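Residue-level structure breakdown
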Amino acid sequence: FSFKSLLPKNHGKFHTEKFKKKFISTFKTTPPMEQFAAMDKFIRESRTLKNFGDEFYKCILTNQNDGVKCHMYIGPHGIQLMDQSESKEIEKIHILKIKSFKQKKNMLNIKFKDEKNNDKSITLSIPKVDFITTMLNDSISFIQSYYNSELEKQRQRAIGVSDDIKLAGGQYGTLDE
């Protein structure tokens, strides 16, 4: 196989002879896997990566006087703001803790509850704010529909109705005809 086709040329440190030998020896010693097992392992490994499934945006936190340039990760679990060096977390907002958000031009204001359940607010300047508000709306709607369906299932269980009883009722209903 062509090693250059696996890794882009701009990843120079991965094109050294030492790395090639290590990669090829690991590749040769790894037993082959079934396609499903390989996909499952890949997904399980990927999910452990930091910010897996999140989208990345550069933004400016405008709450401070000067404005702080930061990186924003947004995904199904919420929003994480990191400083530009990625060494310090500025803010972490769980999706269920968002009370409201407003968009005005390229500005986004988010009101939320922090870990201690205190009301907080941040204002961000983001070039692609439309994508972010759409993602927030979709994530919140998805989670709300999930929780609503779970609450409905709990309510049905509490009054003694289950999917099996509904199915049986439908089957016996046809016998009366």
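To start, this report covers the structure provided alongside it.

The rules behind these values
Residues numbered from 1 in each chain as written. Predicted model: local features only at pLDDT ≥ 70, side-chain atom pairs only at ≥ 80, totals over all residues. Heavy atoms only, no water. Core = buried A, V, L, I, M, F, W, Y, C linked by side-chain atoms within 4.5 Å. Buried < 20%, exposed > 50% of the residue type's maximum accessible area, 1.4 Å probe, protein only. Contact = heavy atoms within 4.5 Å. Patch = residues over 30% accessible without salt bridge, like charges linked within 9 Å, V, L, I, M, F, W, Y side chains within 5 Å. Areas by Shrake-Rupley, 256 points an atom, 1.4 Å probe, with all protein chains shown as cover. Salt bridge = Lys/Arg side-chain N within 4 Å of Asp/Glu carboxyl O. Helix = DSSP H or I, 4+ residues; strand = E, 2+ residues; numbered from the N terminus. Pairing = 2+ DSSP bridges. Axes fitted to C-alpha atoms, helices over the stretch in contact; angles between N-to-C directions.

Notes on the nonpolar core
One finds Met-72, Ile-79, Leu-81, Ile-110, Leu-124, Ile-126 and Leu-136 to be the most contacted residues of the largest nonpolar core, which totals 23 residues. Filtering out sequence-adjacent residues up to four positions away, Ile-79 remains in contact with Met-72, Tyr-73, Ile-74, Glu-91, Lys-92, Ile-93, Ile-98, Ile-110 and Leu-136.

Topic: a nonpolar patch on the surface
On the surface, Leu-96, Tyr-146 and Tyr-147 cluster together into a nonpolar patch covering about 320 Å² of accessible area. With respect to the element layout, Tyr-147 can be found in helix H4 (residues 129-158).

Details of the sheet that holds strand S3 (residues 78-83)
Ordered in space as S4-S3-S2-S1-S7-S6-S5, the 7 strands form an open sheet in which the pairing is antiparallel. For this open sheet the edge positions go to strand S4 (89-94) and strand S5 (98-104), each flanked by a neighbour on one side alone. Between one strand axis and the next, the sheet turns through 30 degrees on average, direction left out of account. Relative to S3, strand S2 (residues 68-75) runs antiparallel, the two sharing 6 bridges. Within the sheet, the bridge partner assigned to Gly-75 lies in S3 and is Gly-78. With respect to the sheet, H4 is in contact with strand S1 (55-61), S2, S3, S5 and strand S6 (107-113), its orientation differing from that of S5 by roughly 155 degrees.

Concerning unusual backbone geometry
The backbone of Glu-86 shows a phi angle near 65 degrees, a positive value even though the residue is not glycine. One non-glycine residue, Lys-105, lies in positive phi territory at about 55 degrees. Here Lys-105 lies in the loop between S5 and S6.

Bear in mind that shape data such as this cannot, by itself, settle questions of function.
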